Amino acid sequence: MFEGIREDIQSVFHRDPAARTSLEVLLNYPGLHAVLLHRLAHKLWRLNFKLLARCVSSFSRWLTGIEIHPGATIGRRFFIDHGMGVVIGETAEVGDDVTIYHGVTLGGTTWNKGKRHPTLLNGVVVGAGAKVLGPITISENARVGSNAVVTKDVPAEATVVGIPGRIICKDSDADCAREQQRQAMASKMGFDAYGMTPDMPDPIARSIQNMLDHMHMVDEKINTMNKALQAMGSDCGSSLPKIHDDLFEEEARGDPAVAPTKVD
């Protein structure tokens, strides 16, 4: 038991640079208090002292602002940073070295008995305000962004953002390849797609992305036609003129609606 407490205290030092001494952590970290009280409540729950276990859980919620059902399974070195507003349901399972922040909910999506809360495997990090709902699995070392709403399984090492939660692409993903094509087309046009990421829920950004996808397909078709004509011995003429940035600057100077605005 004391070895487990020592591990929980050390996990705070590993993940919170504001922590200074073991005594300070033991006295002033509500996330640690909630975890220690939950371990007591969970033992009572498993021994079938369910009413007493719920009383300990309720006392913990009153003391810390963190609600962990005594039936939830919590692994080693679990760290709740700040913690206010955290809710963890009865059938939730949390692995080792997991970190969650304030306002996180590990909730259910049904009133039926049985497994209805999520499973977080080892090394998962869940950002502030995120909601992980249903009997889904967040695999090893995955990251859930702040305020995301996740209702589907998340693979290992992935990062999820947005509402509903979307997995940010990896280098091998088709979505990532399309995003690289968009960036190449934007660069070719002299257009800087600043802040346009796949997780951006902006309809204008999505429209521009669709335009870039279409232009990339047109480029590919034209290149294919040129190669076919050259193979037949036909001269396709010179290449298309390059679009220069100064054209956009002249348009901006001539049109007040698109003129750049100086920010002091």
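As shown above, the structure is provided for reference.
Anyway, here's the lowdown on the structure attached to this text. (Residues numbered from 1 in each chain as written. Predicted model: local features only at pLDDT ≥ 70, side-chain atom pairs only at ≥ 80, totals over all residues. Heavy atoms only, no water.)

## Some remarks on the overall build of the protein
Here is step 1: When helices and strands are counted, the protein shows seven helices and 15 strands.
Here is step 2: In the protein, buried positions account for 35% of the 264 residues.
Here is step 3: Excluding contacts between residues fewer than 6 apart, the proportion of contacts in the protein whose partners are at least 24 apart in sequence is 33%.
Here is step 4: Just so you have it, the protein exposes about 16,500 Å², and 59% of that area is on carbon and sulfur atoms. (Helix = DSSP H or I, 4+ residues; strand = E, 2+ residues; numbered from the N terminus. Buried < 20%, exposed > 50% of the residue type's maximum accessible area, 1.4 Å probe, protein only. Contact = heavy atoms within 4.5 Å. Areas by Shrake-Rupley, 256 points an atom, 1.4 Å probe, with all protein chains shown as cover.)

## Topic: the environment of Gly-75
Here is step 1: If you trace the backbone, Gly-75 turns up in the loop between β2 (73–74) and β3 (79–81).
Here is step 2: With 23 residues separating them along the chain, Gly-75 and Val-98 place their C-alpha atoms 8.0 Å apart.
Here is step 3: Beyond its immediate sequence surroundings of up to four residues, Gly-75 is in contact with Arg-39, Val-94, Gly-95 and Asp-96.

## Some thoughts on the pattern of salt bridges
Here is step 1: One pass over the full model with this rule turns up five salt bridges.
Here is step 2: Between Glu-24 and Arg-20 there is a salt bridge; the shortest N-O distance is 3.1 Å.
Here is step 3: Between Arg-116 and Glu-90 there is a salt bridge, and its shortest N-O distance comes to 2.8 Å. Of the two residues, Arg-116 sits in the loop between β7 (105–107) and β8 (119–120) while Glu-90 sits in the loop between β4 (87–88) and β5 (93–94), which places them 26 residues apart along the sequence.
Here is step 4: For Glu-90, a relative accessible area of 26% gives the class partly exposed. (Salt bridge = Lys/Arg side-chain N within 4 Å of Asp/Glu carboxyl O.)

## Some details on the sheet that holds β8
Here is step 1: Pairing in this open sheet of four strands is parallel, and the strands run β2-β5-β8-β11 from one edge to the other. Either end of the sheet is taken by a strand with one partner, and the two such strands are β2 and β11 (137–138).
Here is step 2: Both β2 and β5 contribute to a ladder of two bridges, which runs parallel. Opposite Ile-74, over in β5, you have Val-94 as the bridge partner. (Pairing = 2+ DSSP bridges.)

## Considering the nonpolar core
Here is step 1: By size, the foremost hydrophobic cluster in this structure holds 30 residues, and its most contacted members are Phe-78, Ile-88, Ile-100, Val-126 and Ile-138.
Here is step 2: Judged by nonpolar contacts, the second largest core, of seven residues, contains Val-12, Ala-19, Leu-32 and Phe-79. (Core = buried A, V, L, I, M, F, W, Y, C linked by side-chain atoms within 4.5 Å.)

## Let's talk about empty space enclosed by the protein
Here is step 1: Applying the stated rule across the entire model yields one cavity of 30 Å³ or more.
Here is step 2: Of the volumes computed, that of the largest cavity is approximately 40 Å³.
Here is step 3: Lining of the largest cavity is provided by Ala-34, Leu-37, His-38, Ala-41, Ser-57, Ser-60, Ile-66 and Ile-68.
Here is step 4: Where the lining of the largest cavity is concerned, the elements lending two or more residues are α3 (30–46) and α4 (50–64).
Here is step 5: The leading source of residues in the lining of the largest cavity is α3, at four residues. (1 Å grid on protein atoms, 1.4 Å probe; cavity = no way out; pocket = protein on both sides within 12 Å on 5 of 7 lines; lining within 4 Å. Points joined across faces, edges and corners; volume = space filled by probe spheres on them.)

## Quick word on α4
Here is step 1: Look at α4: 21 Å from first C-alpha to last across 15 residues, which is about the 21 Å you get at 1.5 Å a residue.
Here is step 2: Three or more residues of α4 are buried, namely Ala-53, Val-56, Ser-57, Ser-60 and Thr-64. Each buried residue of α4 sits inside an arc of 100° when the element is viewed along its axis, so together they form one side. Looking at α4, the residues exposed on the side facing more than 90 degrees away from the buried face are Leu-51 and Trp-62.
Here is step 3: Where α4 is buried, its residues touch α3 and β1 (67–68).
Here is step 4: Positive backbone phi, approximately 80°, marks Gly-65, located one or two places after α4. (Expected span 1.5 Å × (residues − 1). Arc of directions from axis to C-beta.)

Function-wise, these values are silent; they only describe arrangement.
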